[in-house]
Amino acid sequence: MVNTQEITYFNRHESMSSDTRHRIMDLVSDLQITENCNANSVINMLYGLFDGYDYSDQILAQHTLLNGLNDGGNNHLVNEVLAITAIVKSYPRTLEPNHNIF
């Protein structure tokens, strides 16, 4: 379970590019079809990025999943997780998530 007190926020509408959104969706799709990969919690956290929740640290803390992907020959997925979390960590922080879509 994610400790919400450790989560920071960013303005997804101002910070996240279309390319990053597509990369996240591609990663979610790849994780969903990867055999012997229980990535449900990471997938939920990746979706949370679309709402401005920075789950980068929590995603990177999923050592069992990341090591399993690496050991299973899916190191390209690990590299994509690392790249996306680095991008999100570079965004300016806000005090709360910005759900204003207008």
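Conventions adopted
- Residues numbered from 1 in each chain as written.
- Predicted model: local features only at pLDDT ≥ 70, side-chain atom pairs only at ≥ 80, totals over all residues.
- Heavy atoms only, no water.
- Helix = DSSP H or I, 4+ residues; strand = E, 2+ residues; numbered from the N terminus.
- Buried < 20%, exposed > 50% of the residue type's maximum accessible area, 1.4 Å probe, protein only.
- Contact = heavy atoms within 4.5 Å.
- Areas by Shrake-Rupley, 256 points an atom, 1.4 Å probe, with all protein chains shown as cover.
- Pairing = 2+ DSSP bridges.
- Axes fitted to C-alpha atoms, helices over the stretch in contact; angles between N-to-C directions.
- Parallel < 35°, antiparallel > 145°, perpendicular 65-115°, else oblique.
- Phe/Tyr/Trp six-rings, centres within 6.5 Å; stacked < 30°, edge-to-face > 60°.
- Salt bridge = Lys/Arg side-chain N within 4 Å of Asp/Glu carboxyl O.

This part takes up the overall build of the protein. In terms of helices and strands, the protein carries six helices and three strands. Tracing the protein from N to C terminus, the helices and strands come up as β-α-α-α-β-α-α-α-β. The buried share of the protein, reckoned over its 102 residues, is 38%. Considering only contacts within the protein whose residues lie at least 6 apart along the sequence, 70% involve residues at least 24 apart. A total of about 6,300 Å² of accessible surface is found on the protein, and carbon and sulfur atoms cover 47% of it.

In this section: the sheet that holds strand β3 (residues 93-94). Within a sheet, adjacent strands bond to each other through the backbone by hydrogen bonds, running parallel or antiparallel. Spatial strand order, β2-β1-β3: three strands in an open sheet with antiparallel pairing. Two strands lie at the open edges of the sheet, namely β2 (53-54) and β3, each paired on one side alone. Sheet analysis places strand β1 (residues 8-10) next to β3, joined by two bridges and oriented antiparallel. In the sheet register, Phe10 faces β3, and the bridge partner there is Arg93.

Attention now moves to the packing of helix α5 (residues 63-71) against helix α6 (residues 75-89). Running from amino to carboxyl end, α5 crosses α6 at an angle of 140°, the nearest separation of the two axes being 7 Å. Classified by the angle between their axes, α5 and α6 sit oblique to one another. Two secondary-structure elements touch here, α5 through Leu66, Leu69 and Asn70 and α6 through Asn75, Leu77, Val78 and Val81.

Our next topic: the packing of aromatic side chains. Following the criterion strictly, the structure yields four aromatic pairs and no others. Centroid distance Tyr47 to Phe50: 6.4 Å. Interplanar angle 45°. Geometry classified as tilted. You can call Tyr47 partly exposed: its relative accessible area is 35%. A relative accessible area of 19% places Phe50 in the buried class. Where Tyr53 meets Tyr55, the ring centres are 5.9 Å apart and the plane angle is 15°; that geometry is what we call stacked. Classification of Tyr53 by relative accessible area gives partly exposed; the value is 22%.

If the charged atoms of two oppositely charged side chains come close together, the side chains can form a pair. One pass over the structure, following the stated rule, counts three salt bridges. The salt bridge partner of Arg23 is Glu80, with a shortest N-O separation of 2.7 Å. In this pair, Arg23 sits in helix α2 (residues 18-33) while Glu80 sits in helix α6, placing the two residues 57 residues apart along the sequence. Overall, the relative accessible area of 24% leaves Arg23 in the partly exposed class. Residue Lys89 is joined to Asp57 by a salt bridge in which the shortest nitrogen-to-oxygen separation is 2.6 Å. Of this pair, Lys89 sits in helix α6 while Asp57 sits in helix α4 (residues 56-60), and the two are 32 residues apart along the sequence.

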